[in-house]
Amino acid sequence: QPPNPQMGESSVLRRADCRAKGGAPGFKVAILGAAGGIGQPLAMLMKMNPLVSVLHLYDVVNSPGVTADLSHMDTGAVVRGFLGQPQLESALTGMDLVIIPAGVPRKPGMTRDDLFNINAGIVKTLCEGVAKCCPNAIVNLISNPVNSTVPIATEVFKKAGTYDPKRLLGVTTLDVVRANTFVAEVLGLDPREVNVPVVGGHSGVTILPLLSQVKPPCSFTPEETEYLTNRIQNGGTEVVEAKAGAGSATLSMAYAAVKFADACLRGLKGDAGIVECAFVASQVTELPFFATKVRLGRTGAEEVYQLGPLNEYERVGLEKAKKELAGSIQKGIAFIKK
Ligand code: NAI
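Residues numbered from 1 in each chain as written. Predicted model: local features only at pLDDT ≥ 70, side-chain atom pairs only at ≥ 80, totals over all residues.

What counts is decided by this rule: UniProt positions are given in the numbering used here, feature names are shortened, and annotations may be inferred rather than shown by experiment.
The protein chain goes by Malate dehydrogenase in an unreviewed UniProt entry, where it is assigned to Durio zibethinus. Taken directly from UniProt, the Sequence similarities (unreviewed entry) text for the protein chain runs: "Belongs to the LDH/MDH superfamily. MDH type 1 family."

Quick notes on unusual backbone geometry
Quick note on the threshold: Only DSSP runs of H or I covering at least 4 residues are called helices, and only runs of E covering at least 2 are called strands; the numbering of each starts at the N terminus. Each residue is classified by how many other C-beta atoms fall within 10 Å of its C-beta atom, where C-beta atoms are placed from the backbone; a count of 20 or more means buried, 12 or fewer means exposed, and values in between mean partly exposed.
Omega for the peptide link from asparagine 144 to proline 145 comes to -10 degrees, which places this bond in the cis form. Inspection of the secondary structure puts proline 145 in the loop between β5 (138–141) and α6 (146–160). A cis amide bond links lysine 215 to the next residue, proline 216, at an omega of 0 degrees. Structurally, proline 216 is set in the loop between β8 (207–209) and α8 (222–233). Its identity as a non-glycine residue notwithstanding, asparagine 62 has a phi of 60 degrees, on the positive side. Structurally, asparagine 62 is set in the loop between β2 (52–59) and α3 (63–71). Judged by the 16 C-beta atoms lying within 10 Å of it, asparagine 62 falls in the partly exposed class.

Quick notes on the site of the ligand
The criterion, for reference: The criterion for a residue being near a molecule or strand is simple: its C-beta atom, placed using the backbone, must lie within 6 Å of it. Residues are grouped as follows: Ala, Val, Leu, Ile, Met, Phe, Trp, Tyr, Cys and Pro are nonpolar; Asp, Glu, Lys and Arg are charged; all remaining types, including Gly, are polar.
Lining the immediate environment of the ligand, one finds 33 residues, of which Gly33, Gly36, Gly37, Ala102 and Asn144 sit closest. Here the element with the most residues in the shell around the ligand is helix α5 (residues 116–133); it accounts for four residues. Looking at the shell around the ligand residue by residue, the class counts come to 18 nonpolar, 13 polar and two charged.

Regarding the UniProt feature "binding site: substrate" (unreviewed entry) in the protein chain
To keep it simple, the criterion reads: Remark: residues whose backbone-derived C-beta atoms lie within 7 Å of one another are considered to be in contact.
This chain's UniProt record puts "binding site: substrate" (unreviewed entry) on Arg106, Arg112, Asn144 and Arg178. Secondary-structure assignment places arginine 106 in the loop between β4 (97–100) and α5. Under the C-beta neighbour-count criterion, arginine 106 is labelled buried, with 21 such atoms within 10 Å. Excluding anything up to four places from it in sequence, arginine 106 contacts Arg112, Leu115, Val240 and Ser248. You can see asparagine 144 is positioned in the loop between β5 and α6. Exposure remark for asparagine 144: the 27 C-beta atoms within 10 Å place this residue in the buried category.

If you want it as structure tokens, here you go:
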């Protein structure tokens, strides 16, 4: 608590009000699961983002502490904390962007699918809140298994009558971030110069890096292709094993989540040519959801790009990915319909 909480809040309101009047491009962002391994560094990075004017931090534990800590940072965003279900609606009201990393992470030996039973219920509850309090917000869904939680969120929004496929994005940016890093290592390049499209989904063989479409243009031997594809698909497991029971990727994920959230905010602001990969409602394949490059604009994912030309290795990978994805999508839909 600040020494005089009321004074703290009124000066906070003055700042937020001032920004709004000055026409500064400030967006209101909520993080649900903000006290977690991903949530905390994600909250810190969003507090540093000049496009954010108000940052709401919601969790079922520890959000007051994280909020007090971050509120001392001398950056523009006003930060407010919300604790527990009774405060969910206040956390969400008026938000432009809602980022959801709430839920349990993997331990060694677990697949992302093993998280389904716990995280499906958490995502359902949080999305019901979004539908009620900020139905026009863009949602960045991080909670695993993303291949199933995005279909769950879709069904919740459809039930509430608020579904807009452009506004619901499953975050797969960490797969792209890893792909850029590992490919740069093999090519001896700076990872910032490398761009690898990663399509499909966010789990095992559904993570399909398109190494034939890497920028800058390059080629790989069959051994390099095999090594890179395996490493990108199993990057998450590499971290889970190294952390030995203490969770999954949190710091690189927070970095990836902010990269993606920042792209969404720049799109909302009206910047042109913002393209990122994401797991969205899609007609690119016969499946109802698929990750591909999307163009982000004022209303969310305004354009979903086709896969582009694939080589034989990628065509085989695509068939495997689609087979597994179909089951995960169905599982998500069935969870709400049952
Ligand atoms: P964590 O356990 O450190 O943090 C999760 C937070 O969610 C905790 O603070 C917890 O109190 C909170 N939480 C639990 N139930 C909640 C509820 N009903 N409402 C609000 N908050 C709630 O886990 P971590 O490492 O931050 O991972 C979070 C999720 O992100 C996991 O599902 C994990 O699998 C997923 N993940 C996704 C990635 C992706 O690329 N999309 C990459 C890495 C992790």
